[in-house]
Amino acid sequence: MSDTLLEIDNLSVDYETERGDLKALRDISFDVQKGEIVGIVGESGCGKSTLISSILRLTAPNTRFRQGEVRFKGDDILTKTERQMRDLRGSDISIVFQDPMQTHNPVLTIGRQLVDIQHRSKATKAQKLDIAAKMLAAVGIPDPQARLKQHPHEFSGGMRQRIAIAMALMSEPDLLIADEPTTALDATLEVQIIERLKDLQSEMNCAILFISHHLGVIAELCDRVVVMYAGAVVESGDVREIFHDPKHPYTRRLIECDPGHIKTRARILPTIPGEVPDLANLPDGCIFRDRCEQATDRCHQVPALEKLKEGHFAACWLNHHEEAAT
Amino acid sequence: MSAILDVNDLQTSYGSVNVLAGVSFSVQPGETYAMVGESGSGKTTVIRAIAGLAPAQAGSVKFDGQEIRGLSERAMRPLRKDIAMMFQDPIGSLSPRVTVRNLITEPYRIQGMKEKDIDAEAKRLLALVNLPSHFADRYPYQLSGGQARRVGVARALALEPKLILADEPTAGLDVSVQGELLNLLNDLRDRLGLSMVIITHNLNVVRHIADRMGILYLGRLVEEGSTEAIFDEPRHPYTHCLLSANPEPDPDAQLERIALKGEPPSLLMRPSGCEFRERCPVASDICLQTPKWEVNNDHGLRCLTPR
């Protein structure tokens, strides 16, 4: 005990809707160690956003935490008061959002916004501006002193996202949540942001929870990967294990579907037939059963997230079968 | 074979900002042409200018042999049957208060095609993009990103266009949904003989869908050729940087990444000589001269120090 920074333990979250409870997260368990980069990968609707907002406790009013804990440095976030949460957000845990164009206030200078975010600090304004300039330089914005006086529209998309990262890292958080930070950017900028995150992470030793559906970015940046599907963790493990030896059919299909994997021109790209199940009306058994080519009768029961080996977990009956066979 | 779309020296400026500084390319019937480049390179302006949605002060845009640059909205309207747009933001491009049925059949109303059976057409179009027919009664907020994208495709196909101009058709889509959409577009092209211009920065998509591609930098093509040729042997250093920046879905991939220096220059202060010079990893003194557009073996290039 303990290098564990964040522990999500059997977390289940529902949204109350007119159609009944929408089971957005079910029995989510994984952890993030200090200074580690953990990628969360999954398609739209898999619960990535609900997970982030649960960690930050910025959930919609119709959210119901049904069970489980979100422990940050050992304390359950879900039982903290709003006041205690405020002290955590932006200082111990901070976030970079997806759209760099909408992250900043358009009518305030970048300098003003970078000073405002230091509201907890007792430093003078001049000192805060100085820190702001240093932070801009750290994320690779040239000529930071002059740039502080400029407004968001005077920066390119890639620069704005780097400024958002600067803002998030200002308080030297222990955990940075990056919610699809490169989705809105093109490939060259994407690479710049990844490299910058890697550098900053090793300098500041903060842990990063990196949410993305871009497998290439996950492969390049993360130490460990959590694969989510329709509100459940289906597999988690070391990045190499996940990409080279995936143990859940969904993970396998997801990797196969990535056109980045297919080097020669394909007339027909692989897809995963079928639709994501309705979370307000869950099918029984394994959540991936209807779309799984390898489903058997056993899949009418929900498989638990089993430990296959140290640090590699998967929720699939097929792995039980392999065990029995060997 | 004559081109369905022939763009020649197309120029667009907003005030003194020269967004397109002369873009030329052509698309053959049944061909898919991809235009790639970083944000701000003018990709979106190219297709908006072709469709008459952005100004084009000079140059020519010939559709099926007919000059369409600078046509009035009135003169353009009948042509909109043949040229369909797919806009970038799938949800944002659909009016939130209109059902899917009315969204996808709106083109008939605009074109005054009163004889069409709206219900039957809506059903046919939804089937075309693999959506169940009860989706006709849904509103955009009830659609996922992938479904909204398919509604956008259905609307673009309503009038059986000859040419589709698609702005980032797969942006924000999950990989499996992205695959579905690309398969759908490929299939429609084969069945209906569509031609397409696709704007994207996703190189993985380009490789699988485009026959030809052009690389745009600061509103000018710097390289153009068949997709295979460009992926196999990129000649412009900028193309090389772009291709090398593509992250691989393999944690052990050995990436030989060529870093792009600095930020894209301002369009208000275009660099002299080669406009890529200041960011180019292999620039030399010769690059102070302005490179000309040269075409060899159907492969166009604007560079004095090609690889």
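Not measured: the values here are computed from a predicted model. (Residues numbered from 1 in each chain as written. Chains lettered and ligands numbered in written order. Predicted model: local features only at pLDDT ≥ 70, side-chain atom pairs only at ≥ 80, totals over all residues. Heavy atoms only, no water.)

**Re the interface of chain A and chain B**
As a reminder of what qualifies: The contact criterion used throughout is that any non-hydrogen atoms of two residues lie within 4.5 Å. By buried area we mean the combined loss of accessible area, with a 1.4 Å probe, across both parts when two parts are placed together. Salt bridge, as used here, is a side-chain nitrogen of Lys or Arg placed within 4 Å of a carboxyl oxygen of Asp or Glu. Polar contacts, as used here, are pairs of N or O atoms within 3.5 Å; protein pairs need one atom able to donate a hydrogen and one able to accept it. Residues neighboring in sequence count only if both atoms are side-chain atoms. In DSSP terms, a helix is any run of H or I states spanning at least four residues, a strand is any run of E spanning at least two, and both are numbered starting from the N terminus.
In this complex, chain A contributes 42 residues to the contact, which on the side of chain B involves 40 residues. With both chains or domains summed, chain A and chain B bury close to 3600 Å², and 49% of this area falls on carbon and sulfur atoms. Summed over the three residues of chain A that lose the most area to chain B, namely Asp186(A), Arg265(A) and Arg267(A), the buried surface amounts to 19% of that side. Counting the contacts that link chain A with chain B gives 4 salt bridges. Ionic pairing is found between Arg240(A) and Asp252(B), a salt bridge with its closest N-O pair at 2.4 Å. Taken together, the links from chain A to chain B amount to 11 residue pairs in polar contact (both at pLDDT 80 or more). For the side of chain A that touches chain B, the secondary-structure elements that each account for two or more residues are helix H6 (157–169), helix H7 (187–204), helix H8 (215–221), helix H9 (239–244) and helix H10 (249–257) of chain A.

**Things to note about helix H5 (residues 145–157) of chain B**
All names here are of chain B. The following threshold applies: Multiply 1.5 Å by the residue count of a helix minus one, and that product is the helix's expected span. For every residue, the accessible area (1.4 Å probe, protein chains only) is compared with the maximum for its type, and the residue is labelled buried under 20%, exposed over 50%, or partly exposed between those bounds.
The end-to-end C-alpha separation of H5 is 18 Å, in line with the 18 Å expected for 13 residues at 1.5 Å each. Taken across its 13 residues, H5 has 12 buried, putting it largely inside the fold. Buried within H5 we find Gly146, Gln147, Ala148, Arg149, Arg150, Val151, Gly152, Val153, Ala154, Arg155, Ala156 and Leu157. Check the buried side of H5 and you find it contacts strand S6 (83–86), helix H3 (100–110), helix H4 (118–128), strand S7 (163–167) and helix H6 (175–192).

**What to know about the UniProt feature "domain: ABC transporter" (unreviewed entry) in chain A**
Using the following cut-off: UniProt positions are given in the numbering used here, feature names are shortened, and annotations may be inferred rather than shown by experiment.
Summarizing the sequence annotation, UniProt attributes the feature "domain: ABC transporter" (unreviewed entry) to residues 6–255 of chain A in the numbering used throughout. Across residues 6–255 of chain A, the secondary structure splits into 37% helix and 28% strand, with the terminal C-alpha atoms separated by 27 Å.

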